[in-house]
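# Structural characterization, general
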Amino acid sequence: MSRGRPPSHSRETLLEHGHTLFQQYGFHGTSLSMILEACQVSRGSFYNYFGGKEAYAIEVVEHYQALEIDRWDAEFKLLTGSHASKIQTMLHRLLDDFDQEHERLGCLLANLSGEMSLASPAFRKAIRQAIQRVLILIEEDMVTCQAEGSVRTDLSPRQLAALIWDYWQGALLRMRTEDSLTPLYQAIEMLWQHLLPPAQQITTAPKSST
């Protein structure tokens with residue numbers, strides 16, 4: 001047994017430390033020494049455990065995303081109402097959690113996506129794959145929403161998923177620069193009150209005969 005190597009059951013704890021560091025400082029802003037200090041492991045133990053910083057970051061992204069998806073699914077199943085209304089409820093709960101935790105850093109994927117051009121091909125691929133998983137889930141939601149008549153049908157579910165993702169990422173960027181959740185609340189309102197609902201059918205009164 002290697003001296004100082006953390007037990008296997010602490011792997012999740014090490015990944016949680018990585019999530020906190022990468023979310024706050026980004027991939028390039030998080031040094032290996034910062035990781036080692038936060039995880040309280042030696043350099044040798046860390047490399048034996050994860051193989052390196054990039055491999056560690058990729059696993060952090062996958063771990064974080066799996067936890068978030070599971071958490072979303074568990075809470076979503078307890079809600080009642082239309083699929084669209086449940087999505088909006090979940091988004092507002094997300095912002096409530098931001099408030100309660102005084103979180104102003106945004107989601108991990110949003111932060112790391114901005115560094116993709118400076119990352120290695122393997123890391124960029126991992127981020128792209130993580131984003132694609134999110135887009136697929138949103139697309140599935142849009143299929144359900146279109147079937148229940150709560151969102152527009154002139155765009156495909158995939159197009160709507162891209163619209164939601166891109167709009168939300170822009171709101172997250174504004175949230176960080178303005179240090180305010182207002183852009184996220186505005187994004188929810190704009191998306192679900194103006195951009196996503198079906199276009200209203202415009203009816204014109206028949207002209208009276210003269």
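Refer to the structure above for everything that follows.
In what follows, the accompanying structure is described. What you see is a predicted model; the values in this text were computed from it and never measured. (Residues numbered from 1 in each chain as written. Predicted model: local features only at pLDDT ≥ 70, side-chain atom pairs only at ≥ 80, totals over all residues. Heavy atoms only, no water.)

### A closer look at the packing of helix H7 (residues 121–148) against helix H8 (residues 157–178)
Two measures define how a pair of helices packs: the angle their axes make with one another and the distance between the axes. In contact at an axis separation of 8 Å, H7 and H8 are set at 120° when each is read in the N-to-C sense. Between H7 and H8, the crossing angle belongs to the class labelled oblique. For the pair H7 and H8, the crossing hand works out as right-handed. Contact residues: Ile131, Gln132, Val134, Leu135, Ile136, Ile138, Glu139, Met142, Val143 and Gln146 in H7; Pro157, Arg158, Leu160, Ala161, Ala162, Ile164 and Trp165 in H8. Class assignment of the residues belonging to the contact of H7 with H8 gives a composition of 13 nonpolar, 2 polar and 2 charged. (Axes fitted to C-alpha atoms, helices over the stretch in contact; angles between N-to-C directions. Helix = DSSP H or I, 4+ residues; strand = E, 2+ residues; numbered from the N terminus. Parallel < 35°, antiparallel > 145°, perpendicular 65-115°, else oblique. Left-handed = near helix turned anticlockwise from the far one by under 90°. Contact = heavy atoms within 4.5 Å. Nonpolar A, V, L, I, M, F, W, Y, C, P; charged D, E, K, R; others polar.)

### Looking at the nonpolar core
Side chains that are nonpolar tend, in soluble globular proteins, to be buried together. Of all hydrophobic cores here, the largest spans 60 residues; its most connected members are Phe22, Tyr56, Met142, Leu184 and Trp192. Looking at which element gives the most residues to this core, the answer is H7, with 10 residues. Beyond its immediate chain neighbours, meaning those up to four positions away, methionine 142 contacts Ile87, Val151, Pro157, Leu160, Ala161, Ile164 and Trp192. (Core = buried A, V, L, I, M, F, W, Y, C linked by side-chain atoms within 4.5 Å. Buried < 20%, exposed > 50% of the residue type's maximum accessible area, 1.4 Å probe, protein only.)

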